Amino acid sequence: MKKTSKQIEPNENALTVNNLSVSFKTERGLLKAVDSVSFTIPKGSVLGIVGESGSGKTVLCRTLIRLLPESNLNIEGSIDLFGINVTELRKRQLRQLYKNVASIIFQDPLTALNPVMKVKHQIAESLKLHTETSRSQRKQEVIDILELVGIPDPQIKANCYPHQLSGGQRQRVMIACAIASSPTLLIADEPTTALDTTIQLQILQLLKSLQKLNQMTLILVSHDLGVVNYICDYVAVMYAGKLVEFGKTSDVLDHPYMPYTKALLDCMPSLSKPKSHKLQSIPNSMPDPFSLPLGCRFAPRCTYVQSRCVIESPKLISDSSEANIHEYACFFPIKPIVSKVALTSQTDNENT
Amino acid sequence: MKFIIKKLSILIVTVFIASIFGFIFEHLIPGNPAVAILGPQATPHNVAVLTTKLGLNKSPVQQYFTWIKNFFTGHFGYAYSSGDSVKTLIAQSYTETLELIVGSQVLAFLIAIPISVRAAVKPNKIFDKFTSVISFGFYSFPAFVVAPILILIFAVKLGIVPASGYVGPSQSIGQNIKDMALPCITLALGSFAVYSQILRSELVNLLKEDFALFAKSKGISKYKIVFKHCFRLSSLSLVTISGLQISTLITGAFVIEYIFQLPGLGTLIINAINSKDYLVIQAVSVLVVMAVATINTLVDISYAFLDPRIRREN
Ligand SMILES: Nc1ncnc2c1ncn2[C@@H]1O[C@H](COP(=O)(O)OP(=O)(O)O)[C@@H](O)[C@H]1O
Ligand code: SF4
Ligand SMILES: [Mg+2]
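The rules we used
- Residues numbered from 1 in each chain as written.
- Chains lettered and ligands numbered in written order.
- Predicted model: local features only at pLDDT ≥ 70, side-chain atom pairs only at ≥ 80, totals over all residues.
- Heavy atoms only, no water.
- Near = heavy atom within 4 Å.
- Nonpolar A, V, L, I, M, F, W, Y, C, P; charged D, E, K, R; others polar.
- Contact = heavy atoms within 4.5 Å.
- Buried area = accessible area lost by both parts, 1.4 Å probe.
- Salt bridge = Lys/Arg side-chain N within 4 Å of Asp/Glu carboxyl O.
- Polar contact = N/O pair within 3.5 Å; in protein donor to acceptor, adjacent residues only side chain to side chain.
- Areas by Shrake-Rupley, 256 points an atom, 1.4 Å probe, with all protein chains shown as cover.
- Helix = DSSP H or I, 4+ residues; strand = E, 2+ residues; numbered from the N terminus.
- Patch = residues over 30% accessible without salt bridge, like charges linked within 9 Å, V, L, I, M, F, W, Y side chains within 5 Å.
- Lys, Arg positive; Asp, Glu negative; His and termini not counted.
- Charge placed at Lys NZ, Arg CZ, Asp CG, Glu CD.
- Buried < 20%, exposed > 50% of the residue type's maximum accessible area, 1.4 Å probe, protein only.
- Pairing = 2+ DSSP bridges.
- Domains from an automatic or database assignment.

## Overview of the site of ligand 2
- Around ligand 2, a shell composed of A:M258, A:P259, A:C296, A:F298, A:A299, A:C302, A:Y304, A:V305, A:C309, A:C330, A:F331 and A:F332 is seen.
- For the shell around ligand 2, the per-class residue count stands at 12 nonpolar, no polar and no charged.

## Quick notes on the interface of chain A and chain B
- The partner chain B presents 20 residues to the 27 residues of chain A that form the contact.
- Carbon and sulfur atoms make up 60% of the surface buried where chain A meets chain B, a total of about 2300 Å² over both sides.
- The largest contributions to the chain A side of the interface with chain B come from A:V116, A:E125 and A:H163, which together make up 25% of the buried area.
- Linking chain A with chain B are two salt bridges.

## A word on the site of ligand 1
All names here are of chain A.
- In the neighbourhood of ligand 1, 13 residues make up the surrounding shell, with G54, G56, K57, T58 and V59 lying closest.
- Measuring from an oxygen atom of ligand 1, one finds a backbone N or O atom of G54 at 2.6 Å.
- Within the backbone of G56, a nitrogen or oxygen atom sits 3.1 Å from an oxygen atom of ligand 1.
- Considering ligand 1 on its own, with 560 Å² of exposed area, one finds that the protein chains cover 66% of that surface.
- The element best represented in the shell around ligand 1 is helix α2 (residues 57–64), accounting for three residues.

## A closer look at a positive patch on the surface
- Judged by side-chain charge, A:K91, B:R118, B:K122, B:K125 and B:K222 come together as a positively charged surface patch.
- Secondary-structure assignment places B:R118 in helix α5 (residues 86–121).
- By relative accessible area, B:R118 is classed as partly exposed at 32%.

## Here's the deal with the pairing of strand β3 (residues 46–50) of chain A
Residues and elements named next belong to chain A.
- Among the five residues that make up β3, five are buried, leaving the element largely enclosed by the rest of the structure.
- By the alternation rule, side chains of β3 split into V46, G48 and V50 and L47 and I49, which are all buried.
- Bridge count for β3 against strand β8 (residues 217–221) is four bridges, and the pairing is parallel. Across the sheet, the residue bridging to L47 is I219, located in β8.
- Both β3 and strand β9 (residues 234–239) contribute to a ladder of four bridges, which runs parallel. Residue pairing across strands places G48 opposite V235, the latter belonging to β9.

## A closer look at the pattern of salt bridges
All names here are of chain A.
- Taken as a whole and assessed by the stated rule, the structure comprises 12 salt bridges over all chains.
- Among the ionic pairs, K262 bridges to D266, the shortest N-O distance being 3.2 Å. Taken together, the positions of K262 and D266, both in helix α12 (residues 259–266) and four residues apart, correspond to about one turn of that helix.
- Overall, K262 belongs to the partly exposed group, its relative accessible area being 23%.
- Three or more residues joined by partner-sharing salt bridges are found here, namely K32, D35, K242 and R297.

## Notes on the domain arrangement of chain B
Residue and element names in this part refer to chain B.
- Taken domain by domain, chain B comprises domain 1 (1–81 + 276–314) and domain 2 (86–274).
- For domain 1 versus domain 2, the separation of C-alpha centres amounts to 30 Å.
- Both faces considered, domain 1 and domain 2 share a buried interface measuring about 1900 Å² in area, 74% of it formed by carbon and sulfur atoms.
- Inspection of the region where domain 1 meets domain 2 yields zero salt bridges.
- Between the two partners, domain 1 and domain 2, sit seven residue pairs in polar contact (both at pLDDT 80 or more).
- Within the residue set of the side of domain 1 that touches domain 2, elements represented by two or more residues are α12 (278–306) and α13 (308–313).
- With 16 residues, the top contributor of residues to the side of domain 1 that touches domain 2 is α12.
- In terms of residue class, the side of domain 1 that touches domain 2 is built from 17 nonpolar, six polar and five charged.

Okay, structure coming up:
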């Protein structure tokens, strides 16, 4: 801990990711699940990561805290988390990071919680590592945390096994495990996907209130833009391993530049503008990670595609016209000014 | 509870089938069972008394109940060759077999657990590959190959332990351990190979599961994840395997007893087969079947204690 704690300095930024690439060595060859991703978020903010399934959200999140087994993994670039250089941490320092700085919540609490271990032991495990307290004190702390995450009858539920709880309660238990160590960063990877819609909202509200209460930085992965709009300050849109749009939630969701973000929005009936056609999902699927398009990865599905998109890969660029950072990776962004260009390009494409 | 009752009723059915098998076996013995039981020295008077006592002139169902009553009160009859009571013969030899089986299994687990944990924590590294090859080797060599090699090295060349013979633990514990060392090791090697490979692959798979990754994200070390999170789950398959292994194990123990000339149940039954001592064969085999069935039932019931999910379902 000595080393990592010394590295923590007062800093406005919670997380700075620079040129981060993550590749798996697989039987079919190298699979680049995350490709040159860079972004920065301030302390205490909520970042939403969106994108279709397989776009690299989970890999990115887990890499941020080096949780993936690294025997077949190659990480390039840098991750600065509260001044800690995460990519350089050794095993022991990494454990200190988990104990004191960062926690994660998985999608499915049924598989993430140990089926043969009582709830109280699974929570106490995080507590014990974080603080040194007496047994009876720890018992009380477990009950307090269960109460904090909204579990009814915490005394009884503490003695239950995960399968004896409902889906929503199980997710609350996982949240309890994660916040037991009072983390400054909490990563929630699709925390509500495995739950009923009615319970989803409750869990999100819980996460939001805990984030405010503990002044945590929260990273929330979701493929539901409504959820992101509801609690996130920033949005990162991922497509086929690339970060394709990043900015303040209001900027990105109200004025998406990247056609992919717009297409995602169009899939959301509640958020999309009344005039836009309502798609259930974007036609066609993401490219095979082993044979990615040469140019823009979204080109095969993009309705704004032009010939340049097919040969050249767009870099993430910042919109200099605004005070807020709003970044996008697109040659022909959907902006009010250039919307005409976009329209003509579409007809161009139909001719060719 | 329902689960335990179900398992116990299966056990009762198995024991019933075994007893029928034993009863029929006794009646397949050539000649008058009374003569077979009393042996060649029997006087006609004794034969007549026993014939009535056994109820050989009664209906088969009545005879079966008499047989059951006799069997469960330990009246297995008398050995044809020596005239000794079968009960006495079994009482003299079962401790030795039990010692061999329990000793070898404890030994097998003691070696298998640390090795497989180490191998699973660093899979496909040198230690893992080395121990896989070794245990596969042990698995492939049958006891009658391993035993002479061990005897040659440890008894003949080094002279640390005797090549054969047996002194009971009540006479001399030190000598008893020496006598049992080689037989136990021989029997343990095969079990060790099975247990370590099962446990290793089980742990490797469990460590890939979400809950292990989540435990890692709490800051728990890999060894602690293995012992606190994975062990109880992997013990389920280990218990299953040891249950399935039990009949192989008994056969193995019998062979090893014969090789090391230990006066156990194996030697008893092999000698009985040689001298066509049917009542000994019958009693030992029915008892072995019942012991195997009982152990497997205990294994099934222990599941409920190891896995809380099963406890709820039933
Ligand atoms: N352990 C792994 N080994 C090889 N490929 C992986 C592994 N984990 C994920 N991937 C691949 O990385 C890509 C991104 O996966 P993931 O991050 O899980 O997507 P998302 O969370 O956005 O649905 C996918 O193509 C997936 O197949
Ligand atoms: S670069 Fe071209 S293909 Fe890619 S999103 Fe923009 S317009 Fe579409
Ligand atoms: Mg995912």
